[in-house]
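Summary of structural features
Spelled out, the chains give:
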Amino acid sequence: MNSLIRILAVASNTFRESARQRAFIGLLLGALILVFSSLLVSELVVYDQQRRVVQDFGLFFISFAGVVIAVIVGVLLVYKELERKTIYSLLSKPLFRYEFLLGKYIGMLLVLLIGTVVLSGAWFLVLFVRDVPVRLVFLKAVLLIFGELSIVSAVAILFSSFSTPVLSGIFTFGIFVVGRQVYFIDELLTASKGLFVTAPQIRPLGEAVTRIFPDLSLFDVAREILLEVEVSWLYVAQSLAYALCYVVILIALATLVFQRRDFV
Amino acid sequence: MTSPVLKVEELKKTFKVGFARKVVDAVRGISFAVEPGEIFGFLGPNGAGKTTTIKTVMDLIRPTSGRVSLFGKPPGDMDARLRVGYLPEQPYFYDYLKPSELLEFFGKLYGIDSAERKRRIDRLLDRVGLGHAKDRTLRRFSKGMLQRAGLAQALIGNPDLVILDEPLSGLDPIGRKELKDVISNLRTEGKTVFFSSHILADIELLCDKIVIIDKGKLRFFGSTRDFLKTGRSEVEIVAAGVPEELLARVTSEGGAVDRFGNRTKIVVAGERSHELVKALLAAGADLDAVVPRTEGLEELFVRMAGKSEEAAR
Ligand SMILES: Nc1ncnc2c1ncn2[C@@H]1O[C@H](COP(=O)(O)OP(=O)(O)OP(=O)(O)O)[C@@H](O)[C@H]1O
Ligand SMILES: [Mg+2]
């Protein structure tokens, strides 16, 4: 109970930091860019393609901007505390290190949540302007994007618990890119021809990747939306549960690293 | 017998620096104990290992070997942590917060309920002299003001043990006086204060006990009184019209004499000064000044180092 209070205190301070440092102005700017660029792009195509373009482009933009925010905020989350020497007074309080990490992470999730909501609002606005009916599946798509961002930001925290912000950023982005391909690699592994048949010696590598890396394609339903295939709530719930499992493991690993660290 | 609130046993900390993993011995096996109710000074020149020791006490860094205990528990223990307040050497806090917001945040970590938090925050800010700056964010604070905010955040949990790393640095003379008053008030409240400094004079008046370290090694641990007895105290006397035979006697007894025109500067051991002043007055000399010379830490270390070399021979 006390532990929860402490975690939430750290979370709300993390959130407040973003708010006070005007991070949300950047977010509004992002939303404006989304609106104008998708309106512009959809102007360029013939009318019956418009609907497809605003759907696709908006979803892509939210996901991409979200990943950029998740990586940047995630790798700086702990680093800033060290750089600004605020961590000494905080960690010397009655606060376990895992509570600190968890609080920081939850605070960041809150920031990401607001980011996703604002960008989605902008997207829905564009859909409305272009006469595309807002369907429930769009909401599901946004929820799934948030699930993906929760994994990406946890990866960022794990790397930043032992590496520099720049390297952590590169690694995290790398994991994101590979994670989006896990499904594809998996298909190649079961295929009767292709890369793993012509070069069987790298097969173990492919198997390791599909086993360790999160399958981020689960969170991308752009194709389903395009083909108007149904995305069930069960699927959404399962995918979010999958994200939660990864998050728990990643934060636990980050805590293990963090426990042993010296704050000199 | 009371048990110590803070105990450091054979503490060693080694840092490995750079790609070459060059080894730096910051602390090389020091032991001491702080009893409840003491004001305890932690002295040493720059780079002696004070901050490193304090950070291991606060569980910010882990010892290479040796042990630290707070209230008989390991430094990471939650019960122990609830009873300690700490002011870091560099008092930097979340600069987007106002001091009251910072204290609010930290107060929650100590599990203080919100009514009590409010009461304490107002009282504390007044106590450290920040009552006028409640509505400014910490970004606009001067170094001295940050130091005061730092003291307030160390005290928010009403700790039994207060650990301050160089609390007097960055303060003007008035601020130093005020801070010393805060420290002696903490004693009257029955709290234990452990603070570091590299200035001997800061510690002499305030502390019951001191530890002196240098280059990661313990040089002295005991009461301030005992320390001052071992320390060589000297008195400097400036006078005019001093008879020659008196000067000859001073030199023969090991005193130092310097002449500036008709005035003479004499430096003698503290215990001889009383007698010499009497003799000077009897001889009709004009006394300009009688000043006790307090030995600086650096001089002290030079002398101590000399002694240990002698002992080694
Ligand atoms: N992170 C670190 N990496 C390598 N060496 C370190 C590190 N921190 C401290 N040291 C070294 O350890 C020694 C003790 O440093 P420490 O900061 O504990 O001294 P101090 O007594 O607090 O000095 P000061 O009075 O200047 O604050 C110094 O030689 C310092 O260079
Ligand atoms: Mg120091």
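Our structure is the block above this text.
Let us look at the structure shown here. Values in this document were obtained by computation on a predicted structure and should not be read as measured data.

**Points about the overall build of chain A**
Tallying secondary structure elements over chain A gives 11 helices and zero strands in all. Along chain A, helices (α) and strands (β) appear in the sequence α-α-α-α-α-α-α-α-α-α-α when read from the amino end. Along the first, second and third principal axes, the C-alpha atoms of chain A reach 60 × 50 × 35 Å. By residue count, 49% of the 264 residues in chain A fall in the buried class. Taking the contacts inside chain A whose residues are at least 6 apart along the sequence as the reference set, 81% of them involve residues at least 24 apart. As displayed, chain A has an accessible area near 12900 Å², and 72% of this comes from carbon and sulfur atoms. Positive and negative side-chain charges of chain A, numbering 22 and 18 respectively, have mean locations separated by a distance of 10 Å.

**What to know about the interface of chain A and chain B**
With 30 residues of chain A at the contact, the number on the chain B side is 29 residues. Here chain A meets chain B over a buried area of about 2800 Å², counting both sides, of which 59% is carbon and sulfur. Summed over the three residues of chain A that lose the most area to chain B, namely A:Ser92, A:Lys93 and A:Pro94, the buried surface amounts to 21% of that side. Scanning the region where chain A abuts chain B turns up two salt bridges. For B:Lys13, the salt bridge identified is with A:Asp262, shortest N-O distance 2.5 Å. There are 13 residue pairs in polar contact (both at pLDDT 80 or more) connecting chain A and chain B. Sorting elements by how many residues they give to the side of chain A that touches chain B places helix 1 (residues 2–20) of chain A first, with eight residues.

**Some words on the coordination of the magnesium ion (ligand 2)**
Octahedral metals with six donors have ideal donor angles of 90 or 180 degrees. Tetrahedral metals with four donors have an ideal donor angle of 109.5 degrees. Protein-derived coordination of the magnesium ion (ligand 2) comes from B:Thr51 (OG1) and B:Glu89 (OE), at a distance range of 1.9 to 2.3 Å. Of this pair, B:Thr51 sits in helix 1 (residues 50–57) while B:Glu89 sits in the loop between strand 5 (84–87) and helix 3 (99–109), and the two are 38 residues apart along the sequence.

**Observations regarding the site of ligand 1**
Among the 15 residues in the neighbourhood of ligand 1, the closest are listed as B:Gly47, B:Lys50, B:Thr51, B:Thr52 and B:Glu89. More than a single chain frames ligand 1: its nearby residues are located in chains A and B. B:Lys50 is positioned such that a nitrogen or oxygen atom in its side chain is 2.8 Å from an oxygen atom of ligand 1. Here ligand 1 loses 69% of its free accessible area of 640 Å² to cover by the protein chains. Listed by contribution, the elements that provide at least two residues to the shell around ligand 1 are strand 1 (6–17), strand 2 (22–34) and helix 1 of chain B. At three residues, helix 1 of chain B tops the list of elements feeding residues into the shell around ligand 1. Tallied by class, residues from the shell around ligand 1 come to seven nonpolar, five polar and three charged.

**Points about the sheet that holds strand 10 (residues 234–240) of chain B**
All names here are of chain B. The four strands lie next to each other as 11-12-10-13, forming an open sheet whose pairing is antiparallel. Single-partner strands in this sheet number two, and they are strand 11 (256–260) and strand 13 (286–293). Neighbouring strand axes in the sheet, compared pairwise and without regard to direction, differ in orientation by 15° on average. Two strands pair when backbone bridges link them, and strand 10 and strand 13 are joined in this way by seven bridges, in the antiparallel orientation. Its bridge partner lying in strand 13, Ala240 is registered against Asp286. The sheet contacts of helix 9 (residues 244–252) involve strand 11 and strand 12 (263–269), and relative to strand 11 the element is tilted by about 140°. Seen against the sheet, helix 10 (residues 270–282) touches strand 10, strand 12 and strand 13 and runs at an angle of roughly 145° to strand 12.

**Topic: the side chain of B:Glu166**
By the element assignment, B:Glu166 lies in the loop between strand 6 (161–164) and helix 6 (173–188). Among residues more than four places away in sequence, those in contact with B:Glu166 are B:Lys50, B:Glu89, B:Gln147, B:Ser196, B:Ser197 and B:His198.

**Concerning the environment of A:Ala243**
Residues and elements named next belong to chain A. In this structure, Ala243 sits in helix 11 (residues 233–259). On the basis of relative accessible area, Ala243 is assigned to the buried category, the value being 2%. Taking the C-alpha atoms as reference, Ala243 lies 16 Å from Gly74; in sequence the two are 169 residues apart. Once you skip the residues sitting within four places of it in the chain, Ala243 turns out to touch Gly147, Ser150, Ile151 and Phe219.

The rules we used
- Residues numbered from 1 in each chain as written.
- Chains lettered and ligands numbered in written order.
- Predicted model: local features only at pLDDT ≥ 70, side-chain atom pairs only at ≥ 80, totals over all residues.
- Heavy atoms only, no water.
- Helix = DSSP H or I, 4+ residues; strand = E, 2+ residues; numbered from the N terminus.
- Buried < 20%, exposed > 50% of the residue type's maximum accessible area, 1.4 Å probe, protein only.
- Contact = heavy atoms within 4.5 Å.
- Areas by Shrake-Rupley, 256 points an atom, 1.4 Å probe, with all protein chains shown as cover.
- Lys, Arg positive; Asp, Glu negative; His and termini not counted.
- Charge placed at Lys NZ, Arg CZ, Asp CG, Glu CD.
- Buried area = accessible area lost by both parts, 1.4 Å probe.
- Salt bridge = Lys/Arg side-chain N within 4 Å of Asp/Glu carboxyl O.
- Polar contact = N/O pair within 3.5 Å; in protein donor to acceptor, adjacent residues only side chain to side chain.
- Donors = N, O, S within 2.8 Å, 3.2 Å for Na, K, Ca; no water.
- Near = heavy atom within 4 Å.
- Nonpolar A, V, L, I, M, F, W, Y, C, P; charged D, E, K, R; others polar.
- Pairing = 2+ DSSP bridges.
- Axes fitted to C-alpha atoms, helices over the stretch in contact; angles between N-to-C directions.

Honestly, it's all geometry; don't read function into it.
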